[in-house]
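The primary structure of each chain is shown beneath.
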Amino acid sequence: MFYGHASTCGMAIDPWWLIDLRSFRAALIRRSDANGLRYGAQQNPDGTQFEWFDLTSFPVCLPLVVAR
């Protein structure tokens with residue numbers, strides 16, 4: 001999965017990450033507050049919402065970030 005943020009100046013995408021979805025899913029299956037996985041939901045003004053995940057909180061035994 002490609003995940004990135006648009007730069008405030010120009011047309012660049014910075015920062016960005018390529019994420020291994022198998023590792024992502026495995027961490028979510030095993031997730032618990034006890035293992036430190038940080039995530040949550042954010043409400044948008046239009047009534048929609050998205051889920052956010054702190055990539056640094058994922059286990060290192062399942063490498064999540066393929067490239068950055």
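Residues numbered from 1 in each chain as written. Predicted model: local features only at pLDDT ≥ 70, side-chain atom pairs only at ≥ 80, totals over all residues. Heavy atoms only, no water.

Caption draft 1: Structural view of the pairing of strand S3 (residues 39-43). Here 5 bridges tie S3 to strand S4 (residues 49-53), and the two strands are oriented antiparallel to one another. Across the sheet, residue Gln43 finds its bridge partner in S4, namely Gln49. As consecutive antiparallel partners, S3 and S4 are separated by 5 residues, and within that stretch Gly47 has a phi angle of approximately 95°, a positive value. (Pairing = 2+ DSSP bridges. Helix = DSSP H or I, 4+ residues; strand = E, 2+ residues; numbered from the N terminus.)

Caption draft 2: Focus on the confidence of the model for the protein chain. For the protein chain, per-residue confidence averages 84 on the pLDDT scale, and 94% of positions sit at 70 or higher. Of all secondary-structure elements in the protein chain, the lowest mean pLDDT belongs to strand S1 (residues 2-6), at 82, while strand S5 (residues 65-67) reaches the highest, 90. (pLDDT = per-residue confidence, 0-100.)

Caption draft 3: Fine view of the packing of aromatic side chains. This structure, assessed with the given rule, holds 6 aromatic pairs. Measuring from centroid to centroid gives 6.2 Å for Phe2 and Trp16, while their planes differ by 20°, and the two rings are stacked. Pair noted here: Phe2 is in strand S1 and Trp16 is in strand S2 (residues 13-19), with a separation of 14 residues, a long-range link. With a centroid separation of 5.8 Å and 25° between ring planes, the pair formed by Tyr3 and Trp17 is classed as stacked. Of the two residues, Tyr3 is situated in strand S1 and Trp17 in strand S2; the sequence distance between them amounts to 14 residues. On the basis of relative accessibility, which here comes to 38%, the residue Tyr3 falls in the partly exposed class. (Phe/Tyr/Trp six-rings, centres within 6.5 Å; stacked < 30°, edge-to-face > 60°. Buried < 20%, exposed > 50% of the residue type's maximum accessible area, 1.4 Å probe, protein only.)

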